[in-house]
Amino acid sequence: MVSQRQLFLQHVAQTSDFPLMIEIEKAEGVYMYGSEGQRYLDLISGIGVSNVGHRHPRVVRAIQDQLDKYMHLMVYGEFVQGPQAQLAQALSQTLPARLNNTYFLNSGSEAVEGALKLAKRHTGRTELISCYNAYHGSTQGSLSMNGSESFKNAFRPLLPDVRHIRYNALEDLQHITERTAAVLIETVQGEAGVRVPQNEYLRHLRERCNQTGTLLILDEIQCGFGRTGTFWAFEQFGIEPDILVCAKGMGGGMPISAFIAPQEIMEAFKTNPILGHCTTFGGHPVSCAASLATIRVVLEEQLTTGVQQKAELFKSLLVHPRIKEVRNCGLLMAAEFESFEVLKAVIDQAILNGVLTDWFLFCDNSMRIAPPLTITEDQIKDACTLILQSVQEAVG
């Protein structure tokens, strides 16, 4: 009889020669369970997806309730669908009044693509700017905006008229000019290894965009939905974007994304041409129902309240000569080791010990720690004990 592992390797497209190959049969809260009863404490939340934990009861109930009503009905934007309308309203209530119009899609990359198109259409300009070591997705437009040449070179030619600036470098803001349609930037850089704005960088960026008539697009695909201790990370830095991009933690485990803008900007998609942006499955009613439940869980269960305290507990416990630094913005954390080789050995041993961690695409000597916001202090203590045990067993 062919095993699931064999089917996976033979018929599921692979993205590397070394997949983790962990077979999961069930997930609940902060834990995942293997086919032979193994238990893994999930410290990466499916890469920022399971902010409210795996299979949160309120999210599961919302999905079940919507399944009893209807699933896909019509391409996006034609029918009035309650889950979409209610979710759009709920999102607007978490945001500054100006950000009142939401376009729903399926993934972060798709949302970035839509936001870039909107910026070019609204401004009539062509230049796009993002940061070095930024990650915005893997479709061709979002890939063009990524800040790592090693990920892009094999797929050129990509979008023209794209340039990059250094994150946190105030002197680079002069490259934003009257021909720049938009600056796309992560509020907190994720795949660069958790880099937080310094020296009021985002405020200066906002001012420069205002001076040049450039739209500011904030990518909160990883850092939104409570991850950093506020519902949106930009709340901590005293600015507002012109367009906001979100995904990952938005759906409570279901695929959904969005870009959000003022209605007067979003209306650029309505004419010349009509259907300036369209999608078949964007705003799927089941995903919207799950997302609405996720918002309510984050807000009503006050999941952001304990984020900073939990992050400080991690930092106080993850002390070892092999750990050079622990950076964080809320529960988006990076524990830095001396090299990728050392970190990889620790990650592999941690999996054997029942803790799932990861590294960052553009910072491969730092361990990703981004657990469900529902993680308890006792679970944090268990996780840190196992990580330190793994460090000792793997590299001493």
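For the structure, check the block above.
Read on for an overview of the structure. Worth saying up front: this structure is predicted, and the values here are computed from it rather than measured.

This next bit is on the overall build of the protein chain. Helix and strand counts for the protein chain stand at 13 helices and 15 strands. Scaling as 2.2 N^0.38, a compact globule of 396 residues should have a C-alpha radius of gyration of about 21 Å, and the protein chain matches this with 21 Å. With respect to the three principal axes, the spread of C-alpha positions in the protein chain is 60 × 55 × 45 Å. Here the protein chain, with 396 residues, has 53% of them falling under the buried criterion. Across the protein chain, the fraction of contacts at a sequence separation of at least 24, relative to all contacts at a separation of at least 6, is 72%.

Consider a sheet: its strands pair through backbone hydrogen bonds, and that pairing is either parallel or antiparallel. Strand order in the open sheet formed by four strands is 11-12-15-14, with antiparallel pairing between adjacent strands. At either margin of the open sheet sits one strand with a lone partner, and together these are strand 11 (325-329) and strand 14 (358-360). When the angles between neighbouring strand axes are averaged without regard to direction, this sheet yields 35 degrees. Pairing between strand 12 (residues 332-336) and strand 15 (residues 363-369): four bridges, direction antiparallel. Bridging from a neighbouring strand, Ala 334 pairs with Arg 368 of strand 15.

Together, Leu 73, Met 74, Val 75 and Phe 79 make up an exposed nonpolar region whose accessible area comes to about 320 Å². Note on placement: Leu 73 falls in the loop between helix 3 (57-67) and helix 4 (82-93). The class of Leu 73 is partly exposed, set by a relative accessible area of 41%.

Here four bridges tie strand 1 (residues 24-28) to strand 2 (residues 31-34), and the two strands are oriented antiparallel to one another. Directly across from Ala 27, in strand 2, lies its bridge partner Met 32. The antiparallel pairing of strand 1 with strand 2 creates a hairpin that spans two residues between the two strands, and Gly 29 there sits at a positive phi of about 65 degrees. When strand 2 meets strand 3 (residues 39-42), the two strands line up antiparallel, connected through three bridges. Across the sheet, Tyr 33 pairs through a bridge with Arg 39, a residue of strand 3. Linkage of strand 2 to strand 3, two consecutive antiparallel strands, is achieved through a turn of four residues, within which Gly 37 is found at a positive phi near 90 degrees.

Bringing the sheet that holds strand 5 (residues 127-131) into the picture now. Taken in spatial order, the seven strands of this open sheet run 4-10-9-8-7-5-6, and their pairing is mixed. The outermost strands of the open sheet, each flanked by one partner alone, are strand 4 (101-105) and strand 6 (162-165). Averaged over all pairs of adjacent strands, the angle between strand axes in this sheet comes to 20 degrees, irrespective of strand direction. Summarising the sheet, strand 7 (residues 180-186) and strand 8 (residues 215-219) pair through five bridges and their orientation is parallel.

Evaluation of the coordinates by the stated rule reveals zero disulfides. Cys 246 takes part in no disulfide bond, and the closest cysteine sulfur to it belongs to Cys 223, at a distance of 10 Å.

This next bit is on the nonpolar core. Core analysis: the biggest nonpolar cluster contains 107 residues, and Phe 259 and Phe 314 have the highest contact counts within it. In terms of residue count, helix 10 (residues 285-300) provides more of this core than any other element does, eight residues in total. Formed by 11 residues, the second largest nonpolar core is a distinct cluster that contains Val 194, Val 196, Ala 334 and Phe 360.

The next thing to look at is unusual backbone geometry. Peptide bonds are, in most cases, trans, and in most cases residues other than glycine have a negative phi. A cis geometry characterises the amide bond from Arg 156 onward to Pro 157, with omega recorded as 5 degrees. As for its position among the elements, Pro 157 is in the loop between helix 7 (149-152) and strand 6. Cis geometry is found at the peptide bond from Asn 272 to Pro 273, where omega equals 10 degrees. Mapped onto the elements of the fold, Pro 273 is located in the loop between helix 9 (263-266) and helix 10. For Ile 47, which is not glycine, the phi dihedral falls at a positive 60 degrees. In this structure, Glu 200 is a non-glycine residue whose phi angle is positive, near 55 degrees. With respect to the secondary-structure elements, Glu 200 resides in the loop between strand 7 and helix 8 (201-212).

This next bit is on helix 5 (residues 108-123). Here helix 5 is 16 residues long and its end C-alpha atoms lie 23 Å apart, about the 22 Å a rise of 1.5 Å per residue gives. Turning to helix 5, its buried residues are Gly 108, Ser 109, Ala 111, Val 112, Gly 114, Ala 115, Leu 116, Leu 118 and Ala 119. Just past helix 5, the residue Gly 124 takes up positive phi, approximately 75 degrees.

Another point: the packing of aromatic side chains. Within the structure shown, the criterion is met by 12 aromatic pairs. The interplanar angle of 45 degrees and the centroid separation of 6.5 Å between the aromatic rings of Tyr 31 and Tyr 33 together place this pair among those described as tilted. Under the relative-accessibility criterion, Tyr 31 is labelled buried at 12%. Ring centres of Phe 225 and Phe 231 lie 4.9 Å apart, and the angle between their planes is 50 degrees; this geometry places the pair in the tilted category.

Conventions we followed
- Residues numbered from 1 in each chain as written.
- Predicted model: local features only at pLDDT ≥ 70, side-chain atom pairs only at ≥ 80, totals over all residues.
- Heavy atoms only, no water.
- Helix = DSSP H or I, 4+ residues; strand = E, 2+ residues; numbered from the N terminus.
- Rg over C-alpha atoms; globule rule 2.2 N^0.38 Å.
- Buried < 20%, exposed > 50% of the residue type's maximum accessible area, 1.4 Å probe, protein only.
- Contact = heavy atoms within 4.5 Å.
- Pairing = 2+ DSSP bridges.
- Axes fitted to C-alpha atoms, helices over the stretch in contact; angles between N-to-C directions.
- Patch = residues over 30% accessible without salt bridge, like charges linked within 9 Å, V, L, I, M, F, W, Y side chains within 5 Å.
- Areas by Shrake-Rupley, 256 points an atom, 1.4 Å probe, with all protein chains shown as cover.
- Salt bridge = Lys/Arg side-chain N within 4 Å of Asp/Glu carboxyl O.
- Disulfide = S-S within 2.5 Å.
- Core = buried A, V, L, I, M, F, W, Y, C linked by side-chain atoms within 4.5 Å.
- Expected span 1.5 Å × (residues − 1).
- Phe/Tyr/Trp six-rings, centres within 6.5 Å; stacked < 30°, edge-to-face > 60°.

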